[in-house]
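Working through the structure, step by step
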Amino acid sequence: MPAPALRIRGLRKAFPKVVAVDGVDLEVARGEVFGLLGPNGAGKTTTLEIIEGLTSADAGSIEILGLTWEQQGQEIRSRIGVQLQSTSLFNKITPREALDLYGSYYPKRRGTQELLDLVQLEEKADAYHVTLSGGQQQRLALAMALVNDPELVFLDEPTTGLDPQARRSLWDVVRRMKGEGRTVVLTTHYMDEAEALCDRLAIMDHGKVIATGTPASLISELAIPSVVELTFEGAAPEPAAFAARLGQAVERRADLWEIPTPDPKTLLPRLLEAAEAAVVPFQQVHVRRATLEDVFLHRTGRSLRE
Amino acid sequence: MEWRLYARDRVAMFWTMAFPVLLLLGFGTIFRDGGGPKLSVVRVQSAVQSPHDAALDQALTDLQLKVQTLTKAEAEARWSRGETAAQVEPDGEGYRLRLNSYLMAQAGATAGLVNQAWLMAQARMSGAPEPQRIPVQVESPGHKRSTNYASFLLPGLLGLNLVSMGLFSVGMVNVSYREKGKFRRLAVTPLPKWIFLLGQVLHRLTITVVQAAILILVGRLVFGIQNQGSFSHLLLIMTLGTGCFMAFGFALSGFAETSEGYAAISNLVFFPLMLLSGVYFTLDAAPAWLQHTVALLPLAPFLRALRAVFNDGAGLAGHGLGLAIVAAWGFAAFLLAVRRFRWS
């Protein structure tokens, strides 16, 4: 049996003011799309940069494709593909040149035309990098991560700052990577992205992994698989009094109340009755399945986007 | 690749190529006739023009001084603006010389000539035979034909341009690219640092050679300056020098975190190098240990070899040690650059 794509034990990294990575253990199997989900500052990027060899760790061990940085650094570099959080290229380089150039650094390389097709950049192949849109630049960065036909690909927030359409087309590329049998490790702070793309996830907060599993198992492990939402026009009122009357926890988000429940069927009639009695000026009622957002909220008491 | 990107940056290209040419054109035109800047003296008019005034003026002109005759008020105004180096004023029966302490080199030489002129004028007035003067001949140190100022300037410009390119532009660009994270993406590839740095040095080398070719061509077409030595020697010296100072730039860039920091560090290296290498003054009066140390710096042997070949048509014989010093510095700096280089 081949070594796992990635195995990390006790990884730790402290910066002068903050412990960015605080004892992280991870194991990623070959062929898997693995997500690191967490809010900004959770330590996702630092973890990734340590794995990629860009930053040194204070403690812990890393094995990549069964190799270690100390022993086989050059071999690791030639077998992994990396997309950095921001790929800063020379302004006046074209995608075709960038792929040719970066390809020339590797012993094994994929054809430039093939990569351009893969990320749908044929039309912009000879345009200067500065003239590309954010989505196109990200797709180029993705193609560059594949230039050496890597077994393991690291993507750091591949869709941050992109519009929904650009995100979808990037997701397609990630799915194609998986289809080609590559292992993908990505970071994101979008739960929908994690749910849509990842086979398995690690949720990170304050430098620690607080939960690991498939998106479905993480959600079903929650005792409260459903959430009832009352939406208001404008800001939601203070729910404390209403929560007491209902005998149930009510959380206030910007313009809505969230009431987590294992059993929405019996809650709903009680809820509507109580709301009418208390003259709560809500607009709509929604019942939805719990999401990774709720998992995060439940584990940390904070929202992902805070 | 780098070269192609560079060519696209039209503004940067224009200035690197055009600036030394403009300098050469500017200085070359100002000092076109004769050897270097001409000495000038301000002559304050006497209230009444006497015979010895006329004799002095004649003698000053004979000695090739540029004489500017002004009234007392005009001369005073010019003096207080600090533009006058030396000024002859009537004082009783004779004259008085006023020298500007800020421009002593020029003023001192002028004073000597003025005194000589006055001796000549006195002799002429008394009907004595013309005093004999020791004949002066202007020559370049290589004993070849004496050339004009522009041809003296040209190798200096080549050399200086290359040093400043190495120390300032190359290192600065390197630091600022690192600051902007342009190298981070390279760090995750198997590309070794030394190949990357060597590529950068070679890239800059081609630019410098093109730049030098343009400068030499302009010098030849506009001022008729010929390269007196062989072009292959010139190329060898330029290549060594460029390599050396580029490596310097890269090595220094490894010590600076930010571009501001780099500016300080490079000046710290550049000015002592410049001042101690005999570019501006000779170090004959300096203590022996300092002279020995300075002899080991790379700038002076480089400029000497460049001038010897370009202006005097000398071969490389006698410059072997100097060029070896340049090469050794370059190699050491390159090793240091590779050691200190960080991708981010």
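Here the residue numbers are simple positions, counted from 1 along each chain's written sequence. A letter from A marks each chain and a number from 1 marks each ligand, given out in the order of writing. Since the coordinates come from a predicted model, pLDDT governs what is reported: local features require at least 70, and pairs of side-chain atoms require 80 or more to be given and counted, while whole-chain, interface and lining totals use all residues. Hydrogens and waters are ignored; side-chain quantities use all the structure's heavy atoms.

**Here's the deal with the overall build of chain B**
Threshold: Runs of E in the DSSP output that reach at least two residues are strands. Runs of H or I that reach at least four are helices, and both are numbered from the N terminus. Residues count as neighbours in contact if any of their non-hydrogen atoms are within 4.5 Å of one another. Only the protein chains shown count as cover for residues, and all accessible areas are computed by the Shrake-Rupley method using a 1.4 Å probe.
Looking only at helices and strands, chain B features 13 helices and four strands. A fraction of 76% describes how many contacts in chain B between residues 6 or more apart in sequence connect residues 24 or more apart. Here chain B displays about 18000 Å² of accessible surface, and carbon together with sulfur accounts for 64% of that area.

**Re the nonpolar core**
Generally speaking, a soluble globular protein has its nonpolar side chains buried in company with each other. Basically, it comes down to this: Think of a nonpolar core as a cluster: buried Ala, Val, Leu, Ile, Met, Phe, Trp, Tyr and Cys residues, connected wherever their side-chain atoms sit within 4.5 Å. Burial status follows relative accessibility: with a 1.4 Å probe on protein chains alone, a residue under 20% of its type maximum counts as buried, one over 50% as exposed, and anything between as partly exposed.
By size, the foremost hydrophobic cluster in this structure holds 135 residues, and its most contacted members are Leu 6, Ile 64, Phe 154 and Leu 292 of chain A together with Phe 302 of chain B. Among the elements that line this core, the one with the most residues is helix H9 (residues 231–253) of chain B, at eleven residues. Every residue in contact with Ile 64 of chain A, bar those within four places of it in the chain, is listed here: Ala 5, Leu 6, Ile 51, Trp 69, Ile 76, Ile 80 and Leu 152 of chain A. Core analysis: the second largest hydrophobic core is formed by 15 residues, Leu 246, Ile 259, Leu 271 and Val 280 of chain A among them.

**Brief notes about the packing of helix H5 (residues 134–145) of chain A against helix H6 (residues 164–179) of chain A**
Residues and elements named next belong to chain A. Here is the rule: Note on method: axes are straight lines fitted to C-alpha atoms, helices fitted across the in-contact stretch only, with angles between N-to-C directions ranging 0 to 180 degrees. Angular relationships are summarised with four words: roughly parallel below 35 degrees, roughly antiparallel beyond 145, roughly perpendicular across 65 to 115, and oblique for the angles in between. Lys, Arg, Asp and Glu make up the charged group, whereas Ala, Val, Leu, Ile, Met, Phe, Trp, Tyr, Cys and Pro make up the nonpolar group; the residues left over, Gly among them, are polar.
Viewed as axis vectors pointing N to C, H5 and H6 meet at an angle of 10°, and their least axial separation amounts to 10 Å. If you check the angle between H5 and H6, you find them roughly parallel. Between H5 and H6, the contacting residues are Gly 135, Gln 138, Arg 139 and Leu 142 on the first element and Ala 166, Ser 169, Leu 170, Val 173 and Met 177 on the second. Looking at the contact of H5 with H6 residue by residue, the class counts come to five nonpolar, three polar and one charged.

**Some words on the sheet that holds strand E13 (residues 284–289) of chain A**
Residues and elements named next belong to chain A. The line we're drawing: DSSP calls a pair of strands paired once it identifies at least 2 bridges connecting them.
Taken in spatial order, the four strands of this open sheet run E11-E12-E10-E13, and their pairing is antiparallel. The open sheet is flanked by strand E11 (251–253) and E13, the only strands paired with a single partner. On average, adjacent strands in this sheet sit at an angle of 25° to one another, irrespective of strand direction. Where E11 lies against strand E12 (residues 256–261), three bridges are found, and the strand directions are antiparallel. If you follow Arg 253 over to E12, its bridge partner there is Leu 256. On top of the sheet, helix H10 (residues 264–277) reaches strand E10 (226–231), E12 and E13; it is set at about 25° to E10, its chief contact.

**Some thoughts on the UniProt feature "transmembrane region" (unreviewed entry) in chain B**
All names here are of chain B. Quick note on the threshold: UniProt positions are given in the numbering used here, feature names are shortened, and annotations may be inferred rather than shown by experiment.
When the UniProt feature table is mapped onto this chain, "transmembrane region" (unreviewed entry) is found at residues 12–31, 152–174, 194–222, 234–256, 262–281 and 316–338. As annotated, residues 194–222 has a helix share of 100% and a strand share of 0%, and its two end C-alpha atoms lie 42 Å apart. With 83% helix and 0% strand, residues 316–338 has end C-alpha atoms that lie 31 Å from one another.

**Observations regarding the sheet that holds strand E6 (residues 152–156) of chain A**
All names here are of chain A. An order of E5-E6-E7-E3-E8-E9 is seen for the six strands of this open sheet, with the pairing classed as mixed. Each having just a single partner strand, strand E5 (80–83) and strand E9 (208–213) make up the two edges of the open sheet. Pairs of neighbouring strands in the sheet enclose a mean axial angle of 15°, with direction left out of account. Bridge count for strand E3 (residues 33–37) against strand E8 (residues 200–205) is four bridges, and the pairing is parallel. Along E8, the bridge assignment pairs Gly 35 with Leu 201. The strands touched by helix H2 (residues 69–79) within the sheet are E5 and E6, with E5 carrying the most contacts at an inclination of about 65°.

**Some details on the packing of aromatic side chains**
Any two aromatic rings considered together are summarised by their centre-to-centre distance and by the angle between their planes. What counts here: Centres within 6.5 Å are what make two rings of Phe, Tyr or Trp a pair, Trp counting through its six-membered ring; a difference in plane orientation under 30 degrees is then read as stacked, over 60 as edge-to-face, and the rest as tilted.
As enumerated under the stated definition, the model contains eight aromatic pairs over all chains in all. With 5.4 Å between their ring centres and 75° between their planes, Tyr 102 of chain A and Tyr 105 of chain A make a pair best called edge-to-face. For the pair Tyr 102 of chain A and Tyr 105 of chain A, one class covers both residues: buried. Geometrically, the ring pair formed by Phe 245 of chain B and Phe 248 of chain B is tilted, given 5.9 Å between the ring centres and 45° between the ring planes. Of this pair, Phe 245 of chain B and Phe 248 of chain B both sit in helix H9, three residues apart, which is roughly one turn of that helix.

**Focus: the environment of Leu 152 of chain A**
All names here are of chain A. Within the secondary structure layout, Leu 152 lies in strand E6. Each C-alpha atom of the pair Leu 152 and Arg 79 lies 7.0 Å from the other, and the pair is 73 residues apart in sequence. Among residues more than four places away in sequence, those in contact with Leu 152 are Ala 5, Ile 64, Leu 65, Arg 79, Ile 80, Gly 81, Thr 183 and Val 185.

**With respect to the interface of chain A and chain B**
Short version of the rule: By buried area we mean how much accessible surface two parts lose on assembly, using a 1.4 Å probe and totalling the loss over both. Salt bridge, as used here, is a side-chain nitrogen of Lys or Arg placed within 4 Å of a carboxyl oxygen of Asp or Glu. Polar contact is the term for a pair of N or O atoms within 3.5 Å; when the atoms are in protein, one must be able to donate a hydrogen and the other to accept it, and sequence-neighboring residues count only if both atoms are side-chain atoms.
Taken together, the contacts link 24 residues of chain A with 18 residues of chain B. Taken over both partners, the interface formed by chain A and chain B buries close to 2100 Å², and the fraction arising from carbon and sulfur atoms is 59%. When the area that chain A buries against chain B is broken down by residue, the three leading residues are Ser 88, Phe 90 and Tyr 105 of chain A, summing to 28%. Inspection of the region where chain A meets chain B yields one salt bridge. For Glu 49 of chain A, the salt bridge identified is with Arg 184 of chain B, shortest N-O distance 2.4 Å. Linking chain A with chain B are five residue pairs in polar contact (both at pLDDT 80 or more). Of the residues in the side of chain A that touches chain B, the class split is 13 nonpolar, six polar and five charged.

**Quick word on unusual backbone geometry**
All names here are of chain A. A positive phi is found at Gln 120, a non-glycine position, where the angle reads about 55°. Tracing the backbone through its elements, the reader meets Gln 120 in the loop between helix H4 (112–118) and H5. The backbone of Asp 149 sits at a positive phi, close to 55°, despite the residue not being glycine. Here Asp 149 is to be found in the loop between H5 and E6.

**A few points about the pattern of salt bridges**
Residues and elements named next belong to chain A. Per the counting criterion, the structure on display carries 34 salt bridges over all chains. Residues Glu 32 and Arg 200 are paired through a salt bridge, measuring 2.6 Å at the closest nitrogen-oxygen approach. Of this pair, Glu 32 sits in the loop between strand E2 (19–28) and E3 while Arg 200 is found in strand E8, placing the two residues 168 residues apart along the sequence. According to the relative accessible area criterion, Glu 32 is buried, its value standing at 10%.

**A short note on the environment of Ala 59 of chain B**
All names here are of chain B. Here Ala 59 shows up in helix H3 (residues 51–62). Residue class for Ala 59 comes out buried when judged on its relative accessible area of 0%. Once the C-alpha coordinates of Ala 59 and Val 114 are considered, the two residues, 55 residues apart in sequence, prove to be 8.7 Å apart. With near-sequence residues (within four places) excluded, Ala 59 lies in contact with Ala 117, Met 120, Ala 121 and Arg 124.

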